[in-house]
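# Structure assessment
Here's the letter readout for the chains.
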Amino acid sequence: MNAPADVEYRIAHLKDRLAAEETGELGIRIENRGSSVTVVGTVPTAHCREELMGTVNDELSGLTVRFDVVVADSAAPDHSEEVL
């Protein structure tokens, strides 16, 4: 099954929307992969990931979307690192 004909237009619109929002700096890639769209990248917080997923699902409703978005662990270490 192939993606609808307007999928590239919808992806471009989504990229424009993300660039205008706070998530624009995240370096997220959105790729058309035949019958699905894949969203790949790293975000700083779980809240950012949830917002990103909501925006993507809103813009690409009706399409199969796969998320490969991880949350960067930016918390300070709770122990010292031993270097040998």
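Preceding block: the structure.
Residues numbered from 1 in each chain as written. Predicted model: local features only at pLDDT ≥ 70, side-chain atom pairs only at ≥ 80, totals over all residues. Heavy atoms only, no water.

## Here's the deal with the overall build of the chain
Per the secondary structure count, the chain includes two helices and three strands. Each helix (α) and strand (β) of the chain, taken in turn from the N terminus, gives the series α-β-β-α-β. Classification of the 84 residues of the chain by burial places 30% in the buried group. Residue pairs at least 24 apart in sequence account for 60% of intrachain contacts in the chain once pairs closer than 6 positions are excluded. If you sum the accessible surface of the chain, you get close to 5,900 Å²; carbon and sulfur atoms cover 49% of it. (Helix = DSSP H or I, 4+ residues; strand = E, 2+ residues; numbered from the N terminus. Buried < 20%, exposed > 50% of the residue type's maximum accessible area, 1.4 Å probe, protein only. Contact = heavy atoms within 4.5 Å. Areas by Shrake-Rupley, 256 points an atom, 1.4 Å probe, with all protein chains shown as cover.)

## Focus: the pattern of salt bridges
The full count for this structure, using the stated rule, is four salt bridges. Among the ionic pairs, R17 bridges to D58, the shortest N-O distance being 2.8 Å. Here the residue R17 occupies a position in helix α1 (residues 7-20), and D58 occupies one in helix α2 (residues 46-59), the gap between them amounting to 41 residues. When its relative accessible area of 26% is taken as the criterion, R17 is described as partly exposed. The partner of R33 in a salt bridge is E31, with the nearest N and O atoms 2.4 Å apart. Several salt bridges share partner residues, and in doing so they unite R17, D58 and E59 into one network. (Salt bridge = Lys/Arg side-chain N within 4 Å of Asp/Glu carboxyl O.)

## Some thoughts on the nonpolar core
A general tendency of soluble globular proteins is for nonpolar side chains to be buried together. I30, V37, V39, L52, V56 and L60 are the most contacted members of the largest nonpolar core, which has 16 residues in total. Those elements that provide at least two residues to this core are α1, β2 (36-43), α2 and β3 (65-71). Per-element accounting of this core gives the leading share, four residues, to α1. Other than its neighbours up to four places away in sequence, I30 contacts I11, L14, K15, L18, V37, T38 and V39. (Core = buried A, V, L, I, M, F, W, Y, C linked by side-chain atoms within 4.5 Å.)

## Side note on the sheet that holds β3
Paired through their backbone hydrogen bonds, the strands of a sheet run either parallel or antiparallel. The strand order across the open sheet formed by three strands is β1-β2-β3, and the pairing between neighbours is mixed. Each end of this open sheet is capped by a strand with a single partner; those strands are β1 (29-33) and β3. Mean inter-strand twist for the sheet, computed between neighbouring axes without regard to direction, equals 15 degrees. Here β1 pairs with β2 via five bridges, running antiparallel. Residue pairing in the sheet places I30 in a bridge with V39 of β2. Sitting on the sheet, α1 touches β1 and β2, and the angle it makes with β1 is about 175 degrees. Sheet strands touched by α2: β2 and β3. Its angle to β3, the strand with the most contacts, is close to 165 degrees. (Pairing = 2+ DSSP bridges. Axes fitted to C-alpha atoms, helices over the stretch in contact; angles between N-to-C directions.)

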